[in-house]
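One letter stands for each residue in the lines below.
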Amino acid sequence: MSEATRDDSEEADPAHGDEFPVPELSERAEACAARLREAGEFLLCSHIDADGLTSAAVATAAFERAGFDFETAFFKQLDADAVASIAATDYDVVCFTDFGSGQLDVIAPHEAAGEFVPVIADHHQPADAETEFHLNPLLEGLDGASELSGAGASYLLARALGDATDTDNRDLAALAVVGAVGDMQDGDGGLSGANEGLVADAVAAGALEEVTDLALYGRQTRPLPKLLEYASDARIPGISNDQAGAVEFLSDLDVPMKDADGEWRRWVDLDADERRTVASALIRRAVSSGVPSERVDSLVATTYVLADEEPGTELRDVSEFSTLLNATARYERADVGLAVCLGDRGEALDRARTLLRNHRRNLSEGLQWVTNEGVEREEHIQWFDAGTRIRETIVGIVAGMAVGADGVSARKPIVAFADKGDDETKVSARGSGFLVRQGLDLSAVMREASRAVGGDGGGHDVAAGATIPADERETFIATVDELVGEQTSGE
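The rules behind these values
Residues numbered from 1 in each chain as written. Predicted model: local features only at pLDDT ≥ 70, side-chain atom pairs only at ≥ 80, totals over all residues. Heavy atoms only, no water. Helix = DSSP H or I, 4+ residues; strand = E, 2+ residues; numbered from the N terminus. Buried < 20%, exposed > 50% of the residue type's maximum accessible area, 1.4 Å probe, protein only. Contact = heavy atoms within 4.5 Å. Pairing = 2+ DSSP bridges. Axes fitted to C-alpha atoms, helices over the stretch in contact; angles between N-to-C directions. Parallel < 35°, antiparallel > 145°, perpendicular 65-115°, else oblique. Left-handed = near helix turned anticlockwise from the far one by under 90°. Nonpolar A, V, L, I, M, F, W, Y, C, P; charged D, E, K, R; others polar. Expected span 1.5 Å × (residues − 1). UniProt positions renumbered as here; feature names shortened; annotations may be inferred.

## Regarding the side chain of Ser154
Okay, step 1: For Ser154, the location among the structural elements is in helix H5 (residues 150-162).
Okay, step 2: Residue classification places Ser154 among the buried residues on the basis of a relative accessible area of 1%.
Okay, step 3: Those residues within four positions of Ser154 in sequence are excluded, and the remaining contacts are Ser55, Val58, Ala59, Thr97 and Ala121.

## A short note on the pairing of strand E11 (residues 424-430)
Regular strands have side chains that alternate between both faces of the sheet.
Okay, step 1: Burial runs high along E11: six of the seven residues are buried.
Okay, step 2: The hairpin formed by strand E10 (residues 414-421) and E11 contains two residues between the paired strands, and Asp422 there has a positive phi angle of roughly 55 degrees.
Okay, step 3: Note that E11 and strand E13 (residues 463-469) share seven bridges and pair antiparallel. Note on E13: the bridge partner recorded for Arg430 is Ala463.

## Observations concerning the packing of helix H2 (residues 50-66) against helix H6 (residues 173-182)
Geometrically, a packed helix pair is captured by the angle between its two axes and the distance between the axes.
Okay, step 1: Following both chains from N to C, one finds H2 and H6 inclined at 165 degrees, their axes separated by 8 Å at the closest point. With respect to their mutual orientation, H2 and H6 come out roughly antiparallel. In the crossing of H2 with H6, the sense of the turn from one axis to the other is left-handed. In this structure, H2 uses Ala50, Asp51, Thr54, Ala57 and Val58 to contact H6, whose residues at the interface are Leu175, Ala176, Val178, Gly179, Ala180 and Gly182.
Okay, step 2: A breakdown of the residues in the contact of H2 with H6 according to their chemical character gives seven nonpolar, three polar and one charged.

## Let's talk about the sheet that holds strand E4 (residues 117-121)
Okay, step 1: Taken in spatial order, the five strands line up as E2-E1-E3-E4-E5 in an open sheet, and their pairing is parallel. Edge strands, defined here as strands with exactly one partner in the open sheet, are strand E2 (69-74) and strand E5 (133-135). For this sheet, the mean angle separating the axes of adjacent strands, direction not counted, is 20 degrees.
Okay, step 2: Across four bridges, the pairing between strand E1 (residues 41-46) and strand E3 (residues 93-97) is parallel. When the bridges of E3 are listed, Leu44 appears paired with Cys95.

## As for unusual backbone geometry
Okay, step 1: Unlike most non-glycine residues, Asp98 shows phi in positive territory, near 65 degrees.
Okay, step 2: Structurally, Asp98 can be placed in the loop between E3 and helix H4 (104-112).
Okay, step 3: In the Ramachandran plot, Met184 falls in the positive-phi region, its phi being about 60 degrees despite a non-glycine side chain.

## Some details on helix H1 (residues 26-39)
Okay, step 1: Over its 14 residues, H1 extends 20 Å from the first C-alpha to the last, a length consistent with the 20 Å expected when each residue adds 1.5 Å.
Okay, step 2: Taken as a whole, H1 has its buried residues at Ser26, Ala29, Cys32, Ala33, Arg35 and Leu36.
Okay, step 3: Of the residues flanking the end of H1, it is Gly40, one or two places downstream, whose phi is positive at about 75 degrees.

## Thoughts on the UniProt feature "domain: DHHA1" (unreviewed entry) in the protein chain
Okay, step 1: UniProt's feature table lists "domain: DHHA1" (unreviewed entry) at residues 409-485, given in the numbering used throughout.
Okay, step 2: Annotation note: span residues 409-485, helix share 38%, strand share 34%, distance between end C-alpha atoms 16 Å.

Shown next, in the form of structure tokens:
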């Protein structure tokens, strides 16, 4: 995880009432905001994952407060066909959130032809092209994979827009934190770098609580045995992936684990002393079981709670909220996820919860399939082809979950394939912080290897994707293996 680059001693930006949360990006944010104010009417386009949905939600809230006239469109991939369809609209200005930077070379011809002016708030690696209104941390030396997400860039745009309204839009920072965590930027010690400015804004607005707590997914909603059984990050022998072992561990503690009705309590139901008892016992078990020290240390970390959401729900915990959002747009219901982000706690939330149950089942089945089938191994990478067995919109999530499981190495990047239809294959690649420190840049790998076979791709150094012709898989794999070898060997 990169160190924070924000200088807290830096003077407040005179263009803002308070210090801008990421001073390095203040001028870019203001330029983008000014262009949108000038247009007044435009199209908002965003990606479909949790970061993309929160990016769109932050932008939507800010745009509505500013009185803009706009429409919203979501895309799984911003390829040449998608950009052409955008150019065919009547909008002279198009705002892109959580993508656009990596597709600048595709956007540029349309901009040059005068079809539309792009305003981009993104964090992905920019393509080899330039545009005037471009808000991206990478352009100012900040890490877009770990320090600021797409929702973070969208929030900086919202902050700049807030100067001309009755609000500074700080309350929207909480959604940006959901996007950052959904984009796996929280690492082992919480959010860092430019993200710290967003956390500070969200806490100051009373929308977010920053808490040191047990860093396991499901603290709000999972019964305690399931919370520990599914604690795959720590992988504690006799507890992780062991239902009976988790129940036995909890039963041996001097803490009532069931309520008056005989139902298992959740982590959120425990008081502070009870939490300390369970956490201490868990750490002791991990140490005695030989769990590596870095994994033991990560059991307790900085976590984030949305202060205005009801305790015990998927919306209270930032990680669970991001998973709920992933369960909407990845199943063609971006409208549902956007509505939940914007405050719908009725029909949209009910629908999102139904989609979440389906999403969890699909992830579990997908992970089981990978575990059963195993992965193919090349010299520098490992891969699997799910075909139609895993939905192309979630195959990257499954690939990330599979790393470290039996037979899947954590020391090599994993590349996953799934059928996309129309003779195309979706590719998702996942690495690790260790591999990135060895020189891995999956964004460059996916872009170069996919374009070599007539496709396209990009993303981040640690996680990226591509779309390629279905009959080019073997050539693509060979190219990816060669490129990763060159990167990680220092050539």
